[in-house]
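Breakdown of the fold
Each chain, letter by letter, is given below.
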Amino acid sequence: AAAAEAEVQLLLQEARESIEAARSYRRELQQRLRGLHQAREQIKDSATLTRDVLEQHFSDLKGTLKKLLDERLMSLLQEVDVIEQESIKPLDECQKLIEHGVSTADDLLREGESAVDGDVGQQNEKLCNFTKKALHIQLDSLPEVPSLVDVPCLSAQLDDCLLTILKNQIFRHGTVASRPPVQLEEFVEKPGGILVRWCKVDDDFIPQDYRLQYRKSTASHFEDVYVGSEAEFMVLHIDPNVDYQFRVCARGDGRQEWSPWSVPQIGRTTLVPHEWTTGLEGYSLSSRRNIALRNDSQSCGVLYSKAPTYFCGQTLTFRQTVGQPDRRDSLGVCVEQRNNDDSLQRDKAVCVSTNGAVFVNGKEMTNQLPAVTSGSTVTFDMEVVQLGPCNNEGGNFKLRVTISSNNREVVFDWVLDQCCGSLYFGCSFSYPGWKVLVF
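Every value quoted in this text rests on a predicted model; they were computed, and no experiment measured them.

1. Comments concerning the overall build of the chain
A count of helices and strands for the chain gives three helices and 21 strands. In terms of overall dimensions, the chain is more spread out than a globule: its C-alpha atoms have a radius of gyration of 46 Å, far above the 22 Å expected for 439 residues. Among the 439 residues that make up the chain, the fraction classed as buried is 29%. Taking contacts inside the chain between residues at least 6 apart in sequence as the whole, the part at least 24 apart equals 60%. Working note: accessible area of the chain is about 28,700 Å², and carbon and sulfur atoms make up 52% of it. Each charge class in the chain was averaged separately, 47 positive and 63 negative side chains, and the resulting centres sit 10 Å apart.

As structure tokens, then:
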């Protein structure tokens, strides 16, 4: 009985496992069905959109060609009118002269006939007057009439090769691509931004420039956010926890037209944007408070972040416009805000000076970075290496810090006496003109 019961339990277990496997199998099949449905919808939607684009383009092309042909026809007809008018004008003048001569000859004939057939008593006087008049008219002078070879004979010269050229161009005009040459590859969350990366998927396509567009999920139109040769771009001013749609295309080497757009994809960031704190007299902030400008105020001190928004495992980036440097200048991160300091070159802080010196807890390191230049970036990357127990009472804590600037980097361990889940960032400059964007 015990053996039978065990066998039943074993069969039950195998049955439950088979049922669970069947459920999992069904879920996988359903997921693949959804994938097939999405693929089919993408093909149908893109085919419908492509048809609409082609029909609209060729409709516009027909209208433009008809307009151009009508304009050319009117131009040629006007040219015919001008030649006709200019050519007939001297003929009209000659005709008037001849008609006047005919009228004069008619009058002279009537007068001559009257003189010849008139009364004998008055005949001598009439004949004398007629003869004088005939001599005055110069009956041997005739106006010149141009021969037919000397006057214009209009004709239209229409070369049929235009139709051949147009036919060849039209038959080569436009292409239908089944796959765009570039596709979006990766979205990396950043505080108040998204790092978008894309890649080339057509081995035969040689890109010259890329064009990235985005829009909020609620917007109707895409807008350009980047045009250039890089295959990634940091899109800033992104609202956290909001979906954005991205697409990318490329322009081939030596070509003017852009390729088809990639398949649009959704990207979002859950990280709140970095912001400088307001109210420090020596600094002016942008509307989004991610750019700080050292103004002309004589007041100096450290400008801190609004909150400890830098977390280990992220990359903190400063991009700056330079002013006059000073050895006490600093860009970096710290455990806490201290309002009485004029620099981050102190304990519980790591920073880099504008001359490239690196400070850890107020002590200058032997290794240095290049001096900060206008438009360059300084990045901080940190990862946690815990030395001792970390609890509410604190403990030994070590962070592996990497600071990069101008293609150089320094790596060191920063030992703290307390656990730090997040850090403040800050900057200090002695002279005006410095401007720092943080992201």
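2. Section: the UniProt feature "domain: Fibronectin type-III" (unreviewed entry) in the chain
When the UniProt feature table is mapped onto this chain, "domain: Fibronectin type-III" (unreviewed entry) is found at residues 180–273. Helix and strand shares over residues 180–273 are 0% and 52% respectively, and the end C-alpha atoms of the span are 33 Å apart.

3. Focus on the UniProt feature "coiled-coil region" (unreviewed entry) in the chain
Under the feature "coiled-coil region" (unreviewed entry), the UniProt entry names residues 1–86. Across residues 1–86, helical content stands at 99% and strand content at 0%; the span's end C-alpha atoms are separated by 126 Å.

4. Focus on the sheet that holds strand 7 (residues 265–267)
Read across the open sheet, the four strands follow the order 4-3-6-7; overall the sheet is antiparallel. What marks the edges here is a single partner per strand, and that holds for strand 4 (223–228) and strand 7. Here the strands of the sheet are splayed against their neighbours by 30 degrees on average, with no regard to which way each runs. As paired strands, strand 3 (residues 207–216) and strand 6 (residues 244–252) are joined by nine bridges and run antiparallel to one another. Paired with Gln-213 across the strands is Arg-247, a residue of strand 6.

5. A word on the pattern of salt bridges
Enumeration over the complete set of coordinates arrives at 20 salt bridges. Arg-268 is paired through a salt bridge with Asp-243; the nearest N and O atoms lie 2.8 Å apart. Of this pair, Arg-268 sits in the loop between strand 7 and strand 8 (283–285) while Asp-243 sits in the loop between strand 5 (232–235) and strand 6, and the two are 25 residues apart along the sequence. The partner of Asp-341 in a salt bridge is Arg-338, and the shortest N-O contact between them spans 2.9 Å. Residues joined in a network through salt bridges with shared partners are Arg-338, Asp-341, Arg-346 and Asp-347.

What counts and how
- Residues numbered from 1 in each chain as written.
- Predicted model: local features only at pLDDT ≥ 70, side-chain atom pairs only at ≥ 80, totals over all residues.
- Heavy atoms only, no water.
- Helix = DSSP H or I, 4+ residues; strand = E, 2+ residues; numbered from the N terminus.
- Rg over C-alpha atoms; globule rule 2.2 N^0.38 Å.
- Buried < 20%, exposed > 50% of the residue type's maximum accessible area, 1.4 Å probe, protein only.
- Contact = heavy atoms within 4.5 Å.
- Areas by Shrake-Rupley, 256 points an atom, 1.4 Å probe, with all protein chains shown as cover.
- Lys, Arg positive; Asp, Glu negative; His and termini not counted.
- Charge placed at Lys NZ, Arg CZ, Asp CG, Glu CD.
- UniProt positions renumbered as here; feature names shortened; annotations may be inferred.
- Pairing = 2+ DSSP bridges.
- Axes fitted to C-alpha atoms, helices over the stretch in contact; angles between N-to-C directions.
- Salt bridge = Lys/Arg side-chain N within 4 Å of Asp/Glu carboxyl O.

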